[in-house]
Number of protein chains: 2
Amino acid sequence: VRFRYVIGPDGTVDMADRGLAYGDGLFETMAISHGQIRHYPLHRDRLVSGCSRLGLPIPGAEELETAIRSTTAGIERGSLKLILTRGSGPRGYAPPQDPAPVLLLTAQASTDRPAPHISVVRLRQQLAESETLAGIKHLCRLEQVLGQQELGQRDADEGLMLSTRGNVVGGTSRNLFAVLNGKLVTPDLSRSGILGVMRRAVIARCAELGISCVERDILPDELAAADELFMTNALVGIQSVIALDAVTFAPGPLSARLRAEPGFSC
Amino acid sequence: VRFRYVIGPDGTVDMADRGLAYGDGLFETMAISHGQIRHYPLHRDRLVSGCSRLGLPIPGAEELETAIRSTTAGIERGSLKLILTRGSGPRGYAPPQDPAPVLLLTAQASTDRPAPHISVVRLRQQLAESETLAGIKHLCRLEQVLGQQELGQRDADEGLMLSTRGNVVGGTSRNLFAVLNGKLVTPDLSRSGILGVMRRAVIARCAELGISCVERDILPDELAAADELFMTNALVGIQSVIALDAVTFAPGPLSARLRAEPGFSC
């Protein structure tokens, strides 16, 4: 399979591209730090899982890394967005037998330092449950868009989104961790949400530090009693939640400790 | 708000377009019959509902109709695809305050006559439930893509898709009607599925003919005992279901009668 590489920011895709027509593709947003992609193996791994789930061809590792290096050349600090689509096809949902996938890459320099603390409000917009689509970073993100639209009417940094079943999933663009009764927990994402790269890195680092993290269903009412709440995202790293609706929290020791770890500072 | 019109088939969109990045947009696929868009007011109406639901600007009626006329000029029979996106924006799910939406139009001539009868198999791929997104024809269609991918491994014309709650929703690209104990029913689509233009036209025409149609939750097991099953879609019109998995059906009288109505023949 031949992938068509498009390097941004001024690239275009055909109007018949299936990424546009049906959300038939995947994306990754990666942090560039000291001229390198932070946690690249985890991004690559999620991309590959997404390809397997959607039946998309997997981009060759070397070819992709060469394209990434040329896209990010000269950027010390910033972000890289990758979009992989199944490419153009004839009308209709059926994927073409011989897809000609497209890989779009854009890098952006940035000097922003993300805030260490954020405020969160619970949103009305819910996240649907789908075992086939949960976890991977596919292009169908209207629920997150509507969540952000709702957040724009509120006075907070991030929104808390629940599944249609009423479980906590996370933020619109962040995963959530809570310390409840001294135990670290994070939502089980087997039916909704995205398995964040920073979430995975945090779970792995905590295991190395002897802190086990339980992935389970979490009800929103459990969060008010949390000892500590924090959110994660590949670009912003680890942010302490200092308010959830009317409940305030002190910035917790675990998020401070993790932020000091190599590879987690932003 | 200024809409950017792109007339296909060779048009492109920016790689930063939100339709591509997040499925942030809508589409319509319309039949061209005798040089006219069939059921255009119903397509327009669904597009406008979708815009309201997603907070997208609504394209001006005259401007859109002029663009459609120029796209379909000279085509007696075929199809017209319209994609409306929120246009390009900065990175992140939050919709831009001043969107520059994009309207993509492509027409295709066709002489295909859709089959009057189709076979259907039940698919494993489910449809998630979302009250915010149900009904409208937004661009996030991965479940339908995966449904068609599964159908490609089977020997049938269309797949029957259920919601995650286990209710019948319809085909991958068709709505379903059933005559059960002499009564016409069709799935309630307030939590999943797309409110098809042909579905709406069928319900309206049946009402004029004195046949009431009940929209309700339907369990898959109810369908085996149906007096008649048919599916609808704006391009293919009304098709009798003559097999659902191992159960066969005779082509029914209601679908035959509706196919003979003006505006329903294909």
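Here goes a summary of the coordinates provided.

What counts and how
Residues numbered from 1 in each chain as written. Chains lettered and ligands numbered in written order. Predicted model: local features only at pLDDT ≥ 70, side-chain atom pairs only at ≥ 80, totals over all residues. Heavy atoms only, no water. Contact = heavy atoms within 4.5 Å. Buried area = accessible area lost by both parts, 1.4 Å probe. Salt bridge = Lys/Arg side-chain N within 4 Å of Asp/Glu carboxyl O. Helix = DSSP H or I, 4+ residues; strand = E, 2+ residues; numbered from the N terminus. Nonpolar A, V, L, I, M, F, W, Y, C, P; charged D, E, K, R; others polar. Buried < 20%, exposed > 50% of the residue type's maximum accessible area, 1.4 Å probe, protein only. Expected span 1.5 Å × (residues − 1). Arc of directions from axis to C-beta. Disulfide = S-S within 2.5 Å. Least-squares fit on C-alpha atoms with pLDDT ≥ 70 in both. Polar contact = N/O pair within 3.5 Å; in protein donor to acceptor, adjacent residues only side chain to side chain. Phe/Tyr/Trp six-rings, centres within 6.5 Å; stacked < 30°, edge-to-face > 60°.

1. Overview of the interface of chain B and chain A
Across the contact, 59 residues belong to chain B and 58 residues belong to chain A. Counting the surface lost from both chain B and chain A, the interface buries some 4300 Å², and carbon and sulfur atoms represent 65% of this. Together, Met15, Arg91 and Tyr93 of chain B form the three largest contributors to the area buried by chain B at its contact with chain A, with a combined 22%. The tally of links between chain B and chain A comes to zero salt bridges. For the side of chain B that touches chain A, the secondary structure elements donating two or more residues are β1 (4-7), β2 (12-14), α1 (18-22), β3 (25-33), α2 (40-54), β5 (77-85), β6 (102-109) and α4 (142-151) of chain B. Grouping the constituent residues of the side of chain B that touches chain A by class yields 25 nonpolar, 22 polar and 12 charged.

2. Comments concerning the environment of Phe264 of chain B
Residues and elements named next belong to chain B. Structurally, the position occupied by Phe264 is in the segment after α7 (253-259). Under the relative-accessibility criterion, Phe264 is labelled buried at 4%. Remark: the alpha-carbon pair of Phe264 and Glu76, spanning 188 residues in sequence, is separated by 16 Å. Apart from residues no more than four positions distant in its own chain, Phe264 is found in contact with Arg38, Met198, Ala201, Val202, Arg205, Gly237, Ile238, Leu258 and Arg259.

3. Section: unusual backbone geometry
Note the cis peptide between Gly8 of chain A and Pro9 of chain A, where omega equals 10°. Mapping Pro9 of chain A onto the fold places it in the loop between β1 (4-7) and β2 (12-14). One non-glycine residue with positive phi stands out, namely His39 of chain A, at about 55°. Positioned with a positive phi, His34 of chain B is a non-glycine residue whose angle comes to about 50°. Within the secondary structure, His34 of chain B sits in the loop between β3 and β4 (36-37).

4. Details of helix α3 (residues 61-72) of chain A
Residues and elements named next belong to chain A. Relative to the 16 Å expected for 12 residues at 1.5 Å per residue, α3 spans 16 Å between its end C-alpha atoms, a close match to the ideal helical length. Here α3 has its buried residues at Leu64, Ala67, Ile68, Thr71 and Thr72. Each buried residue of α3 lies within a common arc of 120° when the element is viewed along its axis, so the set occupies one face. Structural note: α3 exposes Glu62 and Arg69 on the side pointing more than 90 degrees away from its buried face. Those residues of α3 that are buried lie in contact with β1, β3 (25-33), β4 (36-37), α2 (40-54), β5 (77-85) and β6 (102-109). Phi for Gly74, located one or two positions after α3, is positive at around 85°.

5. A short note on the state of the cysteines
Scanning the entire structure with this criterion turns up zero disulfides over all chains. Summary of cysteine pairing: Cys140 of chain B is not part of a disulfide, and the nearest cysteine sulfur, belonging to Cys140 of chain A, is at 4.1 Å. Residue Cys206 of chain B stays outside any disulfide, its sulfur separated by 6.6 Å from that of Cys213 of chain B, the closest cysteine. Classification of Cys206 of chain B by relative accessible area gives buried; the value is 0%.

6. Quick notes on the relation of the copies chain B and chain A
Once chain B has been moved 0.0 Å along the axis and rotated by 180°, it coincides with chain A to within an RMSD of 0.0 Å. On this basis, the relationship between the two copies can be described by a two-fold rotation axis.

7. Some points on the side chain of Ser130 of chain B
Tracing the backbone through its elements, the reader meets Ser130 of chain B in the loop between β7 (117-122) and α4. At 3.1 Å, the side chain of Ser130 of chain B forms a polar contact with the backbone nitrogen of Leu133 of chain B. Apart from the residues within four sequence positions on either side, Ser130 of chain B is in contact with Ala128 and Glu143 of chain A together with Ser190 and Arg191 of chain B.

8. A short note on the packing of aromatic side chains
Under the definition given, this model contains six aromatic pairs over all chains. Between Phe27 of chain A and Tyr22 of chain B the ring centres are 6.2 Å apart and the planes differ by 75°, which places this aromatic pair in the edge-to-face class. Of the two residues, Phe27 of chain A sits in strand β3 while Tyr22 of chain B sits in helix α1, which places them in two different chains. Judged on exposure class, the residue Phe27 of chain A and its partner Tyr22 of chain B are both buried. Through successive ring pairs, a cluster of aromatic residues spans Tyr22 and Tyr93 of chain A together with Phe27 of chain B.

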